[in-house]
Amino acid sequence: MDGALGRSGLEQLRSSAARAAPFEYTGAQTRPRWNFTGGFPDPRCFPTQHLLACLEAAVAEDMAVLQYGSEIDESLRYGEASLRRALRGAVVADRGEPVTIAEIMLTTGAVGAIELAFRAFLDPGDVVVVEAPTWPAALTIARQHRAELVAVGIDSAGMRVDQLEERIDELEAQGRRPKLVYTIPTFQTPTGTVMAIERRRRLADLAARVGFVVLEDGTYEALRYDGEPVPSIQSFDRHDRVLKVGSFSKTVAPALRVGWISGGEEALTALASVRTDLGVAQWPARALALFVEQGGYAEHLGRLLATYRQKRDVLHAALERECADLADWSVPLGGYYFWLKLRDQVDAGEAQRVAMENGIAMRPGEQFFGLPEDGRQFLRVAFSQVPEEVIPIGVAELGKALRSAACGSRR
Ligand SMILES: Cc1ncc(COP(=O)(O)O)c(C=O)c1O
């Protein structure tokens with residue numbers, strides 16, 4: 001007996017957000033032989049021993065880390081205080097001005113920060129501007145808030161702020177304006193681009209002039225393999241319009257689920273007022289604070305950058321050898337991904353089918369666009385998870401898949 005509504009009746013009970021979500025359970029699929037798909041760190045790089053020591057030290061020092069956060073010091077809504085203090089140095093350096101710990105909030109990963117910001121600022125029908133392409137979960141969260149999505153293109157210097165200005169003019173002509181602009185300015189997902197400094201400044205100015213919130217996602221920012229760091233959008237913000245998101249997922253370990261968001265006190269109060277998750281676990285947060293305080297984080301990051309830089313170079317060399325006549329790409333200066341644009345003669349759907357059949361997993365470009373067909377000729381290839389020695393073999397297989405899907409090829 002399946003109950004009054006029967007098994008399929010549950011479908012009718014699901015919220016419109018759950019019905020519209022692209023989620024499918026895919027856990028039963030076989031493991032790919034070459035996993036270039038998700039933004040997973042290299043498991044061989046996890047700083048396991050040091051983290052275990054910090055976790056142990058955190059409990060030994062004070063069992064309260066096993067408790068909820070406290071309302072007295074606001075750790076319940078803002079997160080464990082010593083980690084917020086440890087992050088303060090980074091936020092101050094980034095913003096170029098003093099900040100208080102009331103301007104930093106810990107969240108359940110970067111995604112927790114994005115969800116909170118969307119919840120704090122969006123009502124149904126509000127306009128959210130995203131880059132096209134962008135991180136798919138941001139599209140999902142915006143849709144769950146019934147936001148109207150407006151896409152702005154990306155070129156080699158990041159979000160086309162000139163296009164954003166055009167969209168704003170069009171909206172203004174209808175008596176509307178964007179409420180929130182979500183951007184990943186540094187090592188953008190999926191394109192890997194870095195937004196030019198002048199565009200960052202213009203975006204911060206626009207936010208103040210037009211009146212919208214910028215949500216700056218800095219999840220990959222610490223993973224820079226070449227060149228000098230670029231000032232954040234937040235560093236140009238004089239009107240508390242820019243909220244900036246960070247995470248330990250890509251640098252330390254995603255299982256800790258510790259991210260953060262920084263912004264003006266008023267903006268963070270808005271986030272705190274809609275927070276319902278009872279905070280970030282105190283234990284991993286305190287352990288991470290110890291990891292940072294003891295210099296473990298800086299040391300680990302140095303090793304990590306060397307590993308990923310090398311993997312990026314190996315993947316690039318393999319792509320040059322195997323795919324140069326079938327796809328185009330830019331070499332990312334940081335982050336986890338190459339964004340391949342397949343040449344017109346390659347049937348992207350067929351290439352993906354053959355690649356999957358041969359055990360190569362990658363992300364189809366369609367997933368990164370509000371209008372999936374815009375991503376048809378693209379593939380995102382992550383080099384983070386695949387062992388360095390295996391990358392060339394996987395890319396050789398990818399080359400074969402693309403070749404077999406090229407028109408004029410013998411099948
Ligand atoms: C651009 C971007 N933002 C946020 C996240 C989520 O990170 P976290 O694990 O910190 O929630 C990801 C993960 O892939 C990402 O690519």
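The structure contained in this document is the topic of the report that follows. Note that the structure is a prediction, hence the values are computed from the model and not measured.

## With respect to the sheet that holds strand 13 (residues 363–364)
Spatially, the four strands line up as an open sheet ordered 10-11-14-13, and their pairing is antiparallel. Two strands in the sheet have a free side with no partner beyond their single neighbour: strand 10 (327–328) and strand 13. The strands touched by helix 12 (residues 296–323) are strand 10, strand 11 (337–342) and strand 14 (378–382); relative to strand 11, the strand with the most contacts, the crossing angle is about 15°.

## Observations regarding the site of the ligand
What surrounds the ligand is a group of 13 residues, the closest being Ala110, Asp217, Ser247, Ser249 and Lys250. Residue Arg257 places a side-chain N or O atom 2.8 Å away from an oxygen atom belonging to the ligand. For the ligand, the protein covers 91% of the area, taking 400 Å² as the surface of the free molecule. Considering each element in turn, the shell around the ligand owes the most residues, three residues, to helix 6 (residues 109–121). Of the residues contributing to the shell around the ligand, the split by class is five nonpolar, five polar and three charged.

## A word on the pairing of strand 2 (residues 104–108)
With four of five residues buried, strand 2 is to be regarded as a mostly interior element. Alignment of strand 2 against strand 9 (residues 258–262), held across five bridges, turns out to be antiparallel. Looking across to strand 9, one finds that Thr108 is bridged to Val258.

## So, the sheet that holds strand 5 (residues 158–159)
If you walk across this open sheet you meet the eight strands as 2-9-8-7-6-3-4-5, and the pairing is mixed. Of all strands in the sheet, those with a lone pairing partner are strand 2 and strand 5, marking the two edges. Relative to strand 5, strand 4 (residues 148–155) runs antiparallel, the two sharing two bridges. Among the inter-strand pairings, Ile154 is bridged to a residue of strand 5, identified as Met159. Packed on one face of the sheet, helix 5 (residues 81–95) meets strand 2, strand 8 (242–247) and strand 9 and runs near 115° to strand 2.

## Quick look at the side chain of Arg95
In this fold, Arg95 is placed in helix 5. The contacts of Arg95, once residues within four sequence positions are left out, are Glu103, Gln234, Ser235, Ser262 and Gly263.

## Examining empty space enclosed by the protein
Counting across every chain of the model gives one cavity of 30 Å³ or more. Taken as a whole, the largest cavity encloses approximately 50 Å³ of empty space.

## A short note on the state of the cysteines
Taken as a whole, this structure holds zero disulfides when the rule is applied. The thiol of Cys45 is not disulfide-bonded; the next cysteine sulfur, from Cys54, is found 18 Å away.

## Notes on the pattern of salt bridges
Summed over the entire model, instances satisfying the criterion amount to 27 salt bridges. A salt bridge links Glu170 to Arg167, with the shortest nitrogen-to-oxygen separation between them at 3.2 Å. Of this pair, Glu170 and Arg167 both sit in helix 8 (residues 161–173), separated by three residues, roughly a single helical turn. We note a salt bridge from Asp347 to Arg376, for which the minimum N-O separation is 3.7 Å. On the criterion of sequence distance, the pair formed by Asp347 in the loop between strand 11 and helix 13 (348–357) and Arg376 in the loop between strand 13 and strand 14 is long-range, its members being 29 residues apart. The exposure class assigned to Arg376 is partly exposed, which follows from its relative accessible area of 39%.

## Observations concerning the packing of helix 12 against helix 14 (residues 391–404)
Helix-helix packing is characterised by the crossing angle of the two axes and by the distance between the axes. The N-to-C vectors of helix 12 and helix 14 enclose an angle of 30°; their axes lie 9 Å apart at closest approach. The handedness of the crossing between helix 12 and helix 14 is right-handed. On helix 14, the residues touching Lys311, Val314, Leu315, Ala318, Leu319, Arg321, Glu322 and Cys323 of helix 12 are Ile391, Pro392, Val395, Ala396, Leu398, Gly399, Leu402 and Arg403. Considering only residue class, the contact of helix 12 with helix 14 consists of eleven nonpolar, one polar and four charged.

## Regarding unusual backbone geometry
In this model, Ala132 is joined to Pro133 through a cis peptide bond whose omega is 10°. By the element assignment, Pro133 lies in the loop between strand 3 (127–132) and helix 7 (136–144). Cis geometry is found at the peptide bond from Thr189 to Pro190, where omega equals 5°. Positive phi, close to 55°, is recorded for Phe187, a residue that is not glycine.

What counts as what
- Residues numbered from 1 in each chain as written.
- Predicted model: local features only at pLDDT ≥ 70, side-chain atom pairs only at ≥ 80, totals over all residues.
- Heavy atoms only, no water.
- Pairing = 2+ DSSP bridges.
- Helix = DSSP H or I, 4+ residues; strand = E, 2+ residues; numbered from the N terminus.
- Contact = heavy atoms within 4.5 Å.
- Axes fitted to C-alpha atoms, helices over the stretch in contact; angles between N-to-C directions.
- Near = heavy atom within 4 Å.
- Polar contact = N/O pair within 3.5 Å; in protein donor to acceptor, adjacent residues only side chain to side chain.
- Areas by Shrake-Rupley, 256 points an atom, 1.4 Å probe, with all protein chains shown as cover.
- Nonpolar A, V, L, I, M, F, W, Y, C, P; charged D, E, K, R; others polar.
- Buried < 20%, exposed > 50% of the residue type's maximum accessible area, 1.4 Å probe, protein only.
- 1 Å grid on protein atoms, 1.4 Å probe; cavity = no way out; pocket = protein on both sides within 12 Å on 5 of 7 lines; lining within 4 Å.
- Points joined across faces, edges and corners; volume = space filled by probe spheres on them.
- Disulfide = S-S within 2.5 Å.
- Salt bridge = Lys/Arg side-chain N within 4 Å of Asp/Glu carboxyl O.
- Left-handed = near helix turned anticlockwise from the far one by under 90°.

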